[in-house]
Amino acid sequence: MKRFLFNPLPFSSLLAAVCLSFTGCKPADSGGGPQDTGPGANTGKIRVGEYASMTGGEAAFGQSSHKGTQLAFEEVNKSGGVLGRQIEHLLEDTQSKQGESATISKKFISRDKVVALLGEVASGRSLEAAPFCQEARIPMISPSSTNPKVTEMGDYIFRVCFTDPFQGRLLAEFAQKTLKARRVAILSDTASAYSVGLAKYFKDPFVAGGGQVVLEQKYSGKDKDFKAQLTAIKAANPEAICVPGYYTEAGLIVAQARQLGINVPLFGGDGWEAPQLIEIAGGKALENTYYSTHYSSENTDPQVQSFVAAFKARYNGETPDAMAALGYDSARVLADAIKRAGSTEGPKLRDAIAATKDFPCVTGRTTLDASRNASKSAVILTVKDNRFKYVETISP
Ligand code: PHE
């Protein structure tokens, strides 16, 4: 477990902000004095714990999501905080590893006395932490875990993104209607709850709609060589290949498929989302590939564009991807709920998060339903000339 501690930007200190952006030095702690935080406290800073994969195989997820979360809390703190208090944003690195999220959530709850947890991106890691949050009655909001089981862990567990039954259905429809593919092969990751789930949520509606899954192949976690599975897939002669996994492996799969002379479209879900996808696979191999995700930075909506501008200004011109947008949204939904709850006590905060209605997120207006999920549009992206390109929007 690696620990990061981010002091909130002192809102009155322009000098410190300038120093931070140009030299990377840390601003002095703006609070001072003993901490009176924790769910029961009503003075001092409000402590929130974020857990994310800052290093390891899925580092792009955590780093990106964290930047969004950090930007949101900085904005909240600059505008005076919530309930007249500043947010103290703690970050722990899950290292993209199994087991870490459970340890981190226990520590956040018992030692740091956080009022809520934000995380994880990957469903498998959210599933590890959720039982501890539920038991302690400390709300957890996952920015971007799409597997349905995550919020089924209990009534303190929320997400601000759509779920995989929706994502699987839209991919099935996309394969049938846009790609005109009737014969599809699936290559999924047995080590990821997300991938196992999305493979099924794609397959069921695809077959129900008259499609045929000609072959299903599997890999596990950090595999690097997919030639055996791809050779079998090539022999089955599909019209498209569904790869419901994470970018690290999806990138290698796309590259190796093209090397084997497989030219049919490959497609996947939000797990493909990372600038590293293009680095791993190469822009050429990614032509004629597609993935569904939560947002496009090309959306001309003024709220999206002002988020993109603020993010670029804060992070050296970097364009925010879907995880960054959802990280930002998760933090803002939490801050809004703390305000409405008028309290940081677990049960009150839980009720306020559950009552989130029509909240203006950059990934779309967000209402949490009775199952603590958000129903939102998805976008399909492709890669053209080494860049992600918007294809279409699909509404729930
Ligand atoms: N939805 C993925 C999961 O549940 C994580 C993810 C979200 C990846 C958003 C990329 C973008 O594991």
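Scroll up for the structure.
Caption draft 1: Up close: the pattern of salt bridges. Enumeration according to the criterion identifies 20 salt bridges in this entry. Residue Glu-74 is joined to Arg-314 by a salt bridge in which the shortest nitrogen-to-oxygen separation is 2.7 Å. With Glu-74 in helix α2 (residues 59–78) and Arg-314 in helix α11 (residues 302–314), the pair connects residues that are 240 residues apart, well separated along the chain. Since its relative accessible area comes to 26%, Arg-314 is described here as partly exposed. Through salt bridges that share partners, Glu-58, Glu-120, Arg-125 and Lys-222 make up one connected network.

Caption draft 2: Geometry of the packing of helix α12 (residues 322–341) against helix α13 (residues 346–354). The N-to-C vectors of α12 and α13 enclose an angle of 120°; their axes lie 8 Å apart at closest approach. Judged by the twist between their axes, the crossing of α12 over α13 is right-handed. Every residue of α13 that contacts α12 at Leu-334, Ala-337, Ile-338, Arg-340 and Ala-341 is listed here: Lys-348, Leu-349, Ala-352 and Ile-353. Split by residue class, the contact of α12 with α13 holds seven nonpolar, no polar and two charged.

Caption draft 3: A look at the side chain of Asp-321. Position of Asp-321 relative to the elements: it lies in the loop between α11 and α12. One buried charge, Asp-321, has no salt-bridge partner; the nearest side chain with opposite charge is Lys-67, at 8.5 Å. For Asp-321, the side chain forms a polar contact with the main-chain nitrogen of Met-323, separated by 3.3 Å. Beyond its immediate sequence surroundings of up to four residues, Asp-321 is in contact with Ser-64, Glu-273, Ala-274, Pro-275 and Tyr-295.

Caption draft 4: Representation of the side chain of Thr-69 in the model. Mapped onto the secondary structure, Thr-69 falls in helix α2. In contact with Thr-69, other than residues within four places in its own chain, are Glu-50, His-89, Leu-118, Gly-327, Tyr-328, Ser-330 and Ala-331.

Caption draft 5: View of the nonpolar core. Core analysis: the largest hydrophobic core is formed by 56 residues, its most contacted members being Phe-202, Phe-267 and Trp-272. If one sorts the elements of this core by residue count, helix α6 (residues 164–178) sits on top with six residues. Split by domain, this core shows at least three residues from each of two domains, domain 1 (2–162 + 302–377) and domain 2 (164–293). When residues no more than four places from it in sequence are discounted, the contact partners of Phe-267 are Leu-171, Ala-175, Leu-179, Val-184, Phe-202, Ala-240, Ile-241, Cys-242, Val-243, Trp-272 and Tyr-290. Counting 40 residues, the second largest nonpolar core, distinct from the first, contains Cys-161, Tyr-295, Ala-324 and Val-362.

Caption draft 6: Here's a closer look at the pairing of strand β3 (residues 87–93). A large share of β3 lies buried, amounting to seven of its seven residues. Of the two faces of β3, both are covered, the one formed by Ile-87, His-89, Leu-91 and Asp-93 as well as the one formed by Glu-88, Leu-90 and Glu-92. Two elements, strand β2 (residues 46–52) and β3, share seven bridges in a ladder whose sense is parallel. Counterpart to Tyr-51 in the pairing with β3 is Glu-92.

Caption draft 7: Main features of the packing of aromatic side chains. Across all of its chains, the model carries 14 aromatic pairs by this definition. Ring centres of Phe-202 and Phe-267 lie 5.5 Å apart, and the angle between their planes is 65°; on these two criteria the pair is classed as edge-to-face. Note that Phe-202 is positioned in helix α7 (residues 193–208) and Phe-267 in strand β10 (residues 266–268), a separation of 65 residues in sequence. Residues Phe-202 and Phe-267 agree in their burial class; the two are buried. With 4.6 Å between their ring centres and 40° between their planes, Phe-307 and Tyr-328 make a pair best called tilted. Of the two residues, Phe-307 is situated in helix α11 and Tyr-328 in helix α12; the sequence distance between them amounts to 21 residues. Assigned by exposure class, Phe-307 and Tyr-328 land together as buried. Following the ring pairs from residue to residue traces out a cluster consisting of Tyr-295, Phe-307, Phe-311, Tyr-315 and Tyr-328.

Caption draft 8: Region of interest: the site of the ligand. Neighbouring residues of the ligand: 13 residues in total, closest Ser-123, Ser-144, Thr-146, Tyr-246 and Asp-270. For the ligand, an oxygen atom lies 2.4 Å from a polar atom in the side chain of Ser-123. In this structure, Asp-270 approaches the ligand through a side-chain N or O atom, which is 2.7 Å from a nitrogen atom. Burial of the ligand by the protein chains amounts to 100% of its free accessible area of 320 Å². Put simply, the ligand lies in the largest cavity. Residues belonging to the shell around the ligand are distributed by class as follows: six nonpolar, six polar and one charged. Residue-level mapping places the shell around the ligand at the junction of two domains, with at least three residues from each of domain 1 (2–162 + 302–377) and domain 2 (164–293).

Criteria and cut-off values
- Residues numbered from 1 in each chain as written.
- Predicted model: local features only at pLDDT ≥ 70, side-chain atom pairs only at ≥ 80, totals over all residues.
- Heavy atoms only, no water.
- Salt bridge = Lys/Arg side-chain N within 4 Å of Asp/Glu carboxyl O.
- Helix = DSSP H or I, 4+ residues; strand = E, 2+ residues; numbered from the N terminus.
- Buried < 20%, exposed > 50% of the residue type's maximum accessible area, 1.4 Å probe, protein only.
- Axes fitted to C-alpha atoms, helices over the stretch in contact; angles between N-to-C directions.
- Left-handed = near helix turned anticlockwise from the far one by under 90°.
- Contact = heavy atoms within 4.5 Å.
- Nonpolar A, V, L, I, M, F, W, Y, C, P; charged D, E, K, R; others polar.
- Lys, Arg positive; Asp, Glu negative; His and termini not counted.
- Polar contact = N/O pair within 3.5 Å; in protein donor to acceptor, adjacent residues only side chain to side chain.
- Core = buried A, V, L, I, M, F, W, Y, C linked by side-chain atoms within 4.5 Å.
- Domains from an automatic or database assignment.
- Pairing = 2+ DSSP bridges.
- Phe/Tyr/Trp six-rings, centres within 6.5 Å; stacked < 30°, edge-to-face > 60°.
- Near = heavy atom within 4 Å.
- Areas by Shrake-Rupley, 256 points an atom, 1.4 Å probe, with all protein chains shown as cover.
- 1 Å grid on protein atoms, 1.4 Å probe; cavity = no way out; pocket = protein on both sides within 12 Å on 5 of 7 lines; lining within 4 Å.
- Sits in = over half its atoms within 2 Å of the grid points.

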